[in-house]
Amino acid sequence: MLIFGLFEQSIELEQALAELEEFSVLNEQILIVFMDQNKQGSNKQHPPPHDFEVGVACATGAAVIGASLGFTLMLGPILCGIIGAFTGFITGLSVSKLLNKAKNHKTLKESRQQVIIVIESPESLTSQITAILRRYQALSIGVPGK
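About the cut-offs
- Residue numbering note: each chain is counted from 1, following its sequence as written.
- Residue-level local features of this predicted model are given only where pLDDT is at least 70; pairs of side-chain atoms are given and counted only at 80 or more, and the full residue set underlies all totals for whole chains, interfaces and linings.
- Here the side-chain values reflect all heavy atoms present in the structure, with hydrogen atoms and water set aside.
- UniProt positions are given in the numbering used here, feature names are shortened, and annotations may be inferred rather than shown by experiment.
- Starting at the N terminus, helices and strands are each numbered in turn, a helix being any DSSP run of H or I of at least four residues and a strand any DSSP run of E of at least two.
- Buried means the residue's accessible area, taken with a 1.4 Å probe over protein chains only, is under 20% of the maximum for its type, while exposed means over 50%, and partly exposed covers the values in between.
- In this analysis, two residues are considered to be in contact whenever any of their non-hydrogen atoms come within 4.5 Å of each other.

K.L.:
So, the UniProt feature "transmembrane region" (unreviewed entry) in the protein: which residues are in play, and what are the values?
P.N.:
Taking the numbering used here, the UniProt-annotated feature "transmembrane region" (unreviewed entry) corresponds to residues 81–99. Here residues 81–99 runs as 100% helix and 0% strand, with 26 Å between its end C-alpha atoms.

K.L.:
Report on the environment of Phe 4, specifying residues and quantitative values.
P.N.:
By secondary structure assignment, the location of Phe 4 is in strand β1 (residues 2–8). Judged by relative accessible area, Phe 4 falls into the partly exposed class, the value being 33%. For the pair Phe 4 and Glu 120, spaced 116 residues apart in the sequence, the C-alpha separation amounts to 9.1 Å. Residues contacting Phe 4, with those up to four places away along its chain left out, are Ile 117, Val 118, Ser 140, Ile 141, Gly 142 and Pro 144.

Next comes the structure, spelled out in structure tokens:
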């Protein structure tokens, strides 16, 4: 009989495999398949903004504000606009990199690779093997015919 178990890649998966081997399930009776996570398809509709583009947008806004203030300052509008552009670019680039780094770190934690385990065993051991898989937090368990 075949038993299918779906896990996230974690220490619980390793513990379940170790206990199955102790329970007299041979390595030749276990098939492990790592599932492919296709993240490219989900990001095609909304590409993330690049850090450089965000920096240029902030530089444009800061240059306009700097040039406007430059008419009342001693440095003049051109020099104040250039200073504003540099300041805006550095600020926008830094903030964008920090936000993207935090966002990427969060998505890496959330999305673990999924693993399917296929176990071939006698029908008399099916209930014990499914109990082991449930104990180690299998996302789902499938037994054909049940």
